[in-house]
Each structure stands twice: as C-alpha cells, then as structure tokens.
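Coordinates in review
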Amino acid sequence: MLELTPDELLSTTRAVRRRLDLERPVEREVLEECLQLAQQAPTGSYRQDWHFVVVTDPELRGGLARLWRMGADRYLGGAPDGDLPGMMGRVLAGVRHLYDHLHEVPVHVIPCVEGRTEGKGAFAQASRWGSVIPAAWSFMLAARSRGLGTVWTTFHLAREVEAAELLGIPYAEVMQAALIPAAYTLGTEFKPGMRAPLESMVHWDHW
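Attention here is on the structure that accompanies the text.

Reading the values: the criteria
- Residues numbered from 1 in each chain as written.
- Predicted model: local features only at pLDDT ≥ 70, side-chain atom pairs only at ≥ 80, totals over all residues.
- Heavy atoms only, no water.
- Helix = DSSP H or I, 4+ residues; strand = E, 2+ residues; numbered from the N terminus.
- Phe/Tyr/Trp six-rings, centres within 6.5 Å; stacked < 30°, edge-to-face > 60°.
- Buried < 20%, exposed > 50% of the residue type's maximum accessible area, 1.4 Å probe, protein only.
- Lys NZ or Arg CZ within 6 Å of the ring centre and 35° of its normal.
- Salt bridge = Lys/Arg side-chain N within 4 Å of Asp/Glu carboxyl O.
- Expected span 1.5 Å × (residues − 1).
- Bend = angle between axes of the 7 residues up to and from the residue.
- Contact = heavy atoms within 4.5 Å.
- Axes fitted to C-alpha atoms, helices over the stretch in contact; angles between N-to-C directions.
- Parallel < 35°, antiparallel > 145°, perpendicular 65-115°, else oblique.
- Left-handed = near helix turned anticlockwise from the far one by under 90°.
- Core = buried A, V, L, I, M, F, W, Y, C linked by side-chain atoms within 4.5 Å.
- Pairing = 2+ DSSP bridges.

**Details of the environment of Glu199**
Note on placement: Glu199 falls in the segment after strand 5 (180-184). Glu199 sits 84 residues away from Gly115 along the chain, and the two C-alpha atoms are 37 Å apart.

Next up, the structure:
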C-alpha cells in the first residue's frame with residue numbers, strides 16, 4: 001500500500017497510459033481487494049446491478065485490443081500527425097502509446113451494468129450509469145493506492161457486440177461501460193493534473 005492521504009489519492013489518480021508496467025504481472029489477490037472496495041461504492045439501486053469482467057488471458061486481451069484499435073482508428077484518424085503542444089499533445093501521445101501496447105497490459109477490467117438504455121432519455125441514462133461508474137472509480141482509486149495505474153477508455157464500445165461475443169457477455173441484457181487497462185506503474189509518484197481555474201467551471205445558484 002502506498003502512503004497517500006485521501007486528498008493525495010484523489011488528486012494523483014491519473015489516467016495512466018504510458019507508465020503502465022507491461023512486464024510485471026498483477027496478483028489476483030490485489031485485484032480482488034480492489035474489487036471488494038468497489039463493491040462498497042454508493043449505488044443508485046436497491047440491488048447491485050453492475051458487474052466487472054476481469055480479463056487476464058493473453059488471447060482474450062489481444063482480441064479486446066484489436067476491437068479497441070478499430071474504435072480508436074476513427075479518433076486517431078482525425079488527429080494531427082505531428083506533436084501537439086501542452087496537455088492535448090500529452091494525451092494524444094499517451095493514446096497512441098496505448099494503441100501500440102494495449103494487448104500487453106496484463107489486466108483489462110470491463111465494468112458492466114444490467115439493462116440497456118439505447119433510445120431512452122436522460123433520466124433513464126443517468127439512473128443506469130449512476131451505480132456502475134462510482135464502482136469503477138472506487139476500483140481505480142483502490143488500484144492507485146496499491147501501486148497500480150488505470151485509465152478509463154471506451155473505444156472498444158464501437159464494437160461492443162463483438163466484445164460481448166468474445167467474453168460471453170449477454171449483450172441484450174448487459175451494457176459494457178468501459179475498458180480499464182490496469183497494471184503496476186513505472187514509478188509511483190504522480191502529480192495533480194493541470195486544471196482550469198475553479199471559477200471557470202463552477203456555477204453558484206445559476207449558470
């Protein structure tokens with residue numbers, strides 16, 4: 001366990017793409033500890049209707065990475081070929097690194113939620129996602145406290161049906177929320193990210 005205060009944990013749990021250790025395996029016991037903490041996340045439902053699919057098999061990870069790249073191609077196809085300055089450049093470089101190495105990341109975690117919401121309004125959408133996303137974030141915080149890095153990605157959802165078939169997820173009844181690569185990090189020191197001034201995104205009493 002890393003010696004992090006709650007504020008340090010919350011401010012240094014970064015989207016880790018380039019500093020994932022592709023060589024070091026992640027122990028199942030460590031993942032189970034993180035998942036047990038994820039179970040304690042606040043839920044918007046009277047029952048737990050969300051699940052985690054933890055993928056460690058190299059062949060399945062390779063299949064997921066292939067589907068992820070298909071989704072990423074549309075995003076990267078519109079990105080400049082050269083380096084961009086600042087944060088956008090760092091994010092793009094990280095995405096390109098993950099594109100090349102996702103299949104090597106030792107763990108892929110897919111949070112899922114029962115029930116599909118296609119075509120439904122904001123109330124149904126927010127209610128459905130309001131349980132699985134806090135649980136996934138709790139998993140990511142627990143992972144950080146144990147020296148693991150994670151990043152929330154969604155490119156594979158462009159091929160969600162195929163991913164469901166690959167992993168045996170019942171597509172008609174269960175939605176996948178993300179693909180979270182997880183691995184020990186190369187070094188454990190992370191700094192708070194650069195953010196806009198608080199007043200640029202906080203609105204008191206009205207917009």
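**Describing the packing of aromatic side chains**
According to the stated counting rule, one finds 4 aromatic pairs in the structure shown. Residues Phe52 and Phe139 carry aromatic rings whose centres are separated by 6.0 Å and whose planes lie at 35° to one another, so their mutual orientation is tilted. Of the two residues, Phe52 sits in strand 1 (residues 50-55) while Phe139 sits in helix 5 (residues 122-145), which places them 87 residues apart along the sequence. The pair formed by Phe52 and Phe139 is uniform in burial state, with each residue classed as buried. Aromatic side chains Trp68 and Phe155 sit 5.0 Å apart centroid to centroid with 70° between the ring planes, which places their arrangement in the edge-to-face category. Residue Trp68 is found in helix 3 (residues 58-77), and its partner Phe155 is found in the loop between strand 3 (148-150) and helix 6 (160-167); the two are separated by 87 residues along the sequence. Residue Trp68 is classed as buried on the basis of its relative accessible area of 1%. Between the NZ or CZ atom of Arg19 and the centre of the ring of Phe190, over which it lies, the distance is 3.9 Å. The positively charged end of Arg24 is found above the aromatic ring belonging to Tyr184, 3.5 Å away from the centroid.

**With respect to the pattern of salt bridges**
All told, the structure shown has 6 salt bridges when counted by the stated rule. Ionic pairing is found between Arg116 and Glu160, a salt bridge with its closest N-O pair at 2.9 Å. Of this pair, Arg116 sits in the loop between strand 2 (107-114) and helix 5 while Glu160 sits in helix 6; the two residues are 44 residues apart in sequence, bridging distant segments of the chain. Using a relative accessible area of 16% as the deciding quantity, one classes Arg116 as buried. The exposure class of Glu160 is buried, given its relative accessible area of 10%.

**Things to note about helix 5**
The terminal C-alpha atoms of helix 5, which comprises 24 residues, lie 34 Å apart, in line with the 34 Å expected from a rise of 1.5 Å per residue. Helix geometry: helix 5 is bent most strongly at Gly130, by close to 35°, with proline Pro134 lying one to four residues after it. Every buried residue belonging to helix 5 is among Ser131, Val132, Ala135, Ala136, Phe139, Met140, Leu141, Ala142, Ala143, Arg144 and Ser145, and all of these are buried. Of the surrounding elements, those touching the buried residues of helix 5 are helix 1 (6-12), helix 2 (28-39), strand 1, strand 2, strand 3 and strand 5. Count one or two residues on from helix 5 and you reach Gly147, which has phi positive near 85°.

**What about unusual backbone geometry?**
A positive phi angle is found at Asp205, which is not glycine, with a value near 75°. Mapped onto the secondary structure, Asp205 falls in the segment after strand 5.

**Observations regarding the packing of helix 2 against helix 5**
Following both chains from N to C, one finds helix 2 and helix 5 inclined at 140°, their axes separated by 8 Å at the closest point. Relative to helix 5, the element helix 2 is oriented oblique. For the pair helix 2 and helix 5, the crossing hand works out as right-handed. Of the residues in helix 5, those touching helix 2 at Leu31, Cys34, Leu35, Leu37 and Ala38 are Ala135, Ser138, Phe139, Ala142 and Ala143.

**What about the nonpolar core?**
Counting residues in each nonpolar core, the largest one holds 26 residues, and the members touching the most others are Val26, Phe52, Val107, Val109, Phe139, Leu148 and Ile180. Every element with two or more residues in this core is listed here: helix 2, strand 1, strand 2, helix 5 and strand 5. Here the element with the most residues in this core is helix 5; it accounts for 7 residues. Non-local contacts of Phe52, meaning those with residues more than four positions away in its chain, are made with Leu35, Ala38, Val109, Ile110, Pro111, Ala135, Ala136 and Phe139. By size, the runner-up hydrophobic cluster in this structure holds 25 residues, among which are Leu64, Leu67, Trp68 and Ala183.

**Thoughts on the pairing of strand 5**
Burial runs high along strand 5: 5 of the 5 residues are buried. Note: strand 2 against strand 5, 3 bridges, orientation antiparallel. The residue bridging His108 from the neighbouring strand is Pro181, located in strand 5. Across 3 bridges, strand 3 lies against strand 5 in antiparallel orientation. Across the sheet, Thr150 pairs through a bridge with Ala182, a residue of strand 5.

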